[in-house]
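One-letter residues, chain by chain:
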Amino acid sequence: MKSRTKDLIRPIVDRLKQSQTPDGSWDYPFETGISTDAYMIILLRTLEINDEDLIRGLANRIMSKQEDNGAWKLFHDEKDGNVTITVEAYYALLYSGYYQKEDQRLQAAKQFILAKGGIEKSHMLTKTMLALTGQYRWPSCFPIPIELVLLPLSFPINLYDFSVFGRANLIPIMILSNKKYSKRTKKSPDLSDLFTSRSDGSFHWPETRGTKKLCSMVEQEVKRLIGFPHYIRSLAMQRAKQYMIDHIEPDGTLYSYFSSTFLMIFALLSLGHKKGESVIIEAINGLHAMKCTINGHPHIQYTTATVWNTALISYALQEAGVPSSDLTIKKASKYLIRRQQYKYGDWAFHNPQAFPGGWGFSDINTMNPDVDDTTAALRALSRLVRRSSTVRQAWEKGVQWTASMQNKDSGWPAFEKNTDKKLLNLLPIEGGRFLLTDPSSADLTGRTLEFLGSYTNLRKNHHLIKRGVDWLLHHQEEDGSWYGRWGICYIYGTWAAVTGMTAVGISPHTSSIQKAVNWLCRIQNKDGGWGESCVSDSENTYIPLHASTLTHTSWALDALISTADQPTPEIQAGVSYLLASYDKRDWTMDYPAGQGMAGSFYIHYHGYRYIFPLLALAHYKRKFE
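Everything numeric in this text was worked out from a predicted model, so none of it was measured.

Structural notes on helix H10 (residues 258–270)
Right, so step 1: Between the first and last C-alpha of H10 there are 19 Å, a value that for 13 residues agrees with the 18 Å anticipated at 1.5 Å per step.
Right, so step 2: Burial of H10 is extensive: 13 of the 13 residues sit out of reach of the surface.
Right, so step 3: Just past H10, the residue Gly272 takes up positive phi, approximately 105 degrees.

Printed below as a string of structure tokens:
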């Protein structure tokens, strides 16, 4: 096995070295299906920006992804299709002008939409987009009054109880909903034939007794604000607008997210800004800059994953034996040092004693660091700490910021600590648990423990570590797995938890880790690999993919390697799968490994096919050969 692992490690290392960009980073695509492509077409056509090369290219990419039954899917095994993205694709293709309703492929899409309950069954965020482009009627009110932005931090629910991702998207939606803004053009398609009901064409927020009670509580607190209602509403609109303006990144985007920037553009238009103003033009240019090319087609990324790619790849190369003195690692380290953040972002509201020092996800982030990117960057820089005062200063700030982000429940979140109020789950926001909160998760907690245990001199019995381990033990599933919030899903969470606990000195022979090992061995496929369906996050339980993927296999294999003294049959079979399957070309190569919102938003990281097999094989080689 020894020579064979080297035979795969070497070409992966060479491939990664060759694909480094001149600035020291790696810019592998962050692919999120066709929704952003559709929205970009709709945005450009609505603003009458006739970038025909881009629009035509995006339309062709969307059409290339259509299934035989006329639908579009979020992932390969999503039964017969997804009504939401099929509505988005259908709308964008019509609006592009390059496809007509009479086209048999669009006719098939229409029949699928109607068979699934019509446009009414699309996601809340899609209905919002349809409303602001004149295809749907706005509801009479938004369930979260815009005056919420004025409520003090002492109130049971305030603006900073929402996750940063929730704020970035909800604030422009609140503005648009209050304005009932919509913008049609002479080229706007007519989607009225996608409705199946005889309603008035407006969408409604789902209500339960709990949601009514919560919304009533917010409304009562709003009424206590001093001033006439009209003045209070005007003040709230100004505050909401200022929030957006204050959080625009240097590239013109709002937090460098596509969705929030798309919504911000329309929110600013609703407030009187003209499409030719610099703030609008710069935002559009920022979205343009997220374009990449995949299989000959343009794709608008939801954001860029440049810092994440660079941190993971630099670390993986070093784990595989590339010395920190190598030019590739030096260039990557300089890039990462330049991307460390020094601004106080919104994270400081719940963590006021900490100093800045984290890293963000995209190339342009300046005020939105997260724990995962920070520990990834620190791993990549760890071997340079003793040789560079610049790196050492960055290291110390990063470690301190990471430690300060531990939640009061003892786990680690992604972006902001202690933003997990259960009350928010009562709000009638579809996908609210992913959009509105940022709770502790097994993947973040496990990866943070792995970093602290492997790369710092923190004692294994330090209270930070003990609390983190306790959180993981308390949140292990009955079958021995852990749920991973940002990956797919239970294999990801289990890998993070197991490698994290073993790194801080938890014996592999403890019942908790043995349960996890037994679970991983039990779900191993006959070909020696592992694979998990994206359906897992919607079902809240492990759902097998019935096929193996390189990334899932690498995660499971790395977890087993961390617990074993000798290579077990399961480990050997996993390594054999990676060696035999690395060069195959089928749908598993593109299967999502990450997720942002269950049932709606899945991510294919193009760099993962190199990163995680390289890590697993490097760890196998180092431990057993």
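Let's talk about the sheet that holds strand E7 (residues 601–605)
Right, so step 1: Ordered by their spatial adjacency, three strands build an open sheet running E1-E7-E6, and the pairing between neighbours is antiparallel. The open sheet terminates on both sides in strands that have one partner only, identified here as strand E1 (30–31) and strand E6 (594–597).
Right, so step 2: Note that E1 and E7 share two bridges and pair antiparallel. Bridging from a neighbouring strand, Phe30 pairs with Tyr605 of E7.

Some remarks on empty space enclosed by the protein
Right, so step 1: Scanning all chains against the criterion turns up four cavities of 30 Å³ or more.
Right, so step 2: Taken as a whole, the largest cavity holds about 550 Å³ of empty space.
Right, so step 3: The wall of the largest cavity is formed by 35 residues, among which Tyr257, Phe361, Phe415, Trp486 and Tyr605 lie closest to the centre.
Right, so step 4: If you list the elements that add at least two residues to the lining of the largest cavity, you get helix H14 (371–381), E6 and E7.
Right, so step 5: Looking at which element gives the most residues to the lining of the largest cavity, the answer is E7, with three residues.
Right, so step 6: Class assignment of the residues belonging to the lining of the largest cavity gives a composition of 20 nonpolar, ten polar and five charged.
Right, so step 7: In this structure, the second largest cavity spans a volume of roughly 140 Å³.

With respect to helix H2 (residues 35–46)
Right, so step 1: In this model, H2 (twelve residues) spans 16 Å end to end at C-alpha, consistent with the 16 Å of a helix rising 1.5 Å per residue.
Right, so step 2: Counting buried positions along H2 yields twelve of twelve residues, so the element is predominantly enclosed.
Right, so step 3: Inspection of H2 places Ser35, Thr36, Asp37, Ala38, Tyr39, Met40, Ile41, Ile42, Leu43, Leu44, Arg45 and Thr46 among the buried residues, and these make up the whole buried set.
Right, so step 4: Contacts from the buried residues of H2 go to helix H3 (52–64), helix H4 (83–96), helix H6 (124–132), H10, helix H11 (278–288) and strand E3 (297–300).

Some thoughts on the environment of Arg459
Right, so step 1: Positionally, Arg459 belongs in the loop between helix H17 (442–455) and helix H18 (463–474).
Right, so step 2: When the C-alpha atoms of Arg459 and Met589 are compared, they prove to be 40 Å apart, with 130 residues separating the residues in sequence.

Looking at unusual backbone geometry
Right, so step 1: Positive phi values are uncommon outside glycine, yet Lys180 reaches one of about 50 degrees.
Right, so step 2: Along the chain, Lys180 turns up in the loop between helix H7 (164–179) and helix H8 (209–223).
Right, so step 3: At Ser256, a position not held by glycine, the phi torsion is positive, near 60 degrees.
Right, so step 4: Given the relative accessible area of 1%, Ser256 is considered buried.

A closer look at the pattern of salt bridges
Right, so step 1: Across all of its chains, the model carries 22 salt bridges by this definition.
Right, so step 2: Ionic pairing is found between Asp7 and Arg10, a salt bridge with its closest N-O pair at 3.8 Å. Residue Asp7 and its partner Arg10 are located together in helix H1 (residues 2–18), separated by three residues, close to a single helical turn.
Right, so step 3: Judged by relative accessible area, Asp7 falls into the partly exposed class, the value being 48%.
Right, so step 4: On the basis of relative accessible area, Arg10 is assigned to the partly exposed category, the value being 45%.
Right, so step 5: For the salt bridge of Arg233 with Glu147, the shortest nitrogen-to-oxygen distance reads 2.6 Å. Here Arg233, found in helix H9 (residues 229–246), pairs with Glu147, found in the loop between H6 and H7; they are 86 residues apart in sequence, far enough to count as distant.
Right, so step 6: Assessed through its relative accessible area of 35%, Arg233 is described here as partly exposed.
Right, so step 7: Here the salt bridges do not stand alone but share partners, grouping Glu31, Asp37 and Arg61 into one network.

Overview of the pairing of E3
Right, so step 1: Sheet analysis places strand E2 (residues 291–294) next to E3, joined by four bridges and oriented antiparallel. In the strand pairing of E3, Cys292 is matched with His299.
Right, so step 2: Counting the residues that bridge the hairpin from E2 to E3 gives two residues, and of these Asn295 lies at a positive phi of roughly 50 degrees.

Side note on a positive patch on the surface
Right, so step 1: The grouping of Lys330, Lys334, Arg338 and Arg387 at the surface amounts to a positive patch.
Right, so step 2: Tracing the chain through its elements places Lys330 in helix H13 (residues 327–338).
Right, so step 3: Among the residues examined, Lys330 registers a relative accessible area of 43% and is labelled partly exposed.

A word on the side chain of Gln524
Right, so step 1: By the secondary structure assignment, Gln524 is in the loop between helix H20 (511–522) and strand E4 (530–532).
Right, so step 2: Among the residues examined, Gln524 registers a relative accessible area of 17% and is labelled buried.
Right, so step 3: Within polar-contact distance, the side chain of Gln524 engages the backbone oxygen of Gly528 at 2.9 Å.
Right, so step 4: Gln524 has contacts with Gly529, Trp530, Glu570, Ala573 and Gly574, leaving out every residue within four places of it along the chain.

Some points on the packing of H4 against H6
Right, so step 1: Two numbers describe how H4 lies on H6: the axes approach to 10 Å, and their chain directions differ by 25 degrees. As summarised for this structure, H4 and H6 are arranged roughly parallel, according to the angle between their axes. The two elements H4 and H6 cross, and the hand of that crossing is left-handed. Across the interface between the two elements, Thr84, Val87, Glu88 and Tyr91 from H4 touch Thr126, Met129 and Leu130 from H6.

About the cut-offs
Residues numbered from 1 in each chain as written. Predicted model: local features only at pLDDT ≥ 70, side-chain atom pairs only at ≥ 80, totals over all residues. Heavy atoms only, no water. Helix = DSSP H or I, 4+ residues; strand = E, 2+ residues; numbered from the N terminus. Expected span 1.5 Å × (residues − 1). Buried < 20%, exposed > 50% of the residue type's maximum accessible area, 1.4 Å probe, protein only. Pairing = 2+ DSSP bridges. 1 Å grid on protein atoms, 1.4 Å probe; cavity = no way out; pocket = protein on both sides within 12 Å on 5 of 7 lines; lining within 4 Å. Points joined across faces, edges and corners; volume = space filled by probe spheres on them. Nonpolar A, V, L, I, M, F, W, Y, C, P; charged D, E, K, R; others polar. Contact = heavy atoms within 4.5 Å. Salt bridge = Lys/Arg side-chain N within 4 Å of Asp/Glu carboxyl O. Patch = residues over 30% accessible without salt bridge, like charges linked within 9 Å, V, L, I, M, F, W, Y side chains within 5 Å. Areas by Shrake-Rupley, 256 points an atom, 1.4 Å probe, with all protein chains shown as cover. Lys, Arg positive; Asp, Glu negative; His and termini not counted. Charge placed at Lys NZ, Arg CZ, Asp CG, Glu CD. Polar contact = N/O pair within 3.5 Å; in protein donor to acceptor, adjacent residues only side chain to side chain. Axes fitted to C-alpha atoms, helices over the stretch in contact; angles between N-to-C directions. Parallel < 35°, antiparallel > 145°, perpendicular 65-115°, else oblique. Left-handed = near helix turned anticlockwise from the far one by under 90°.

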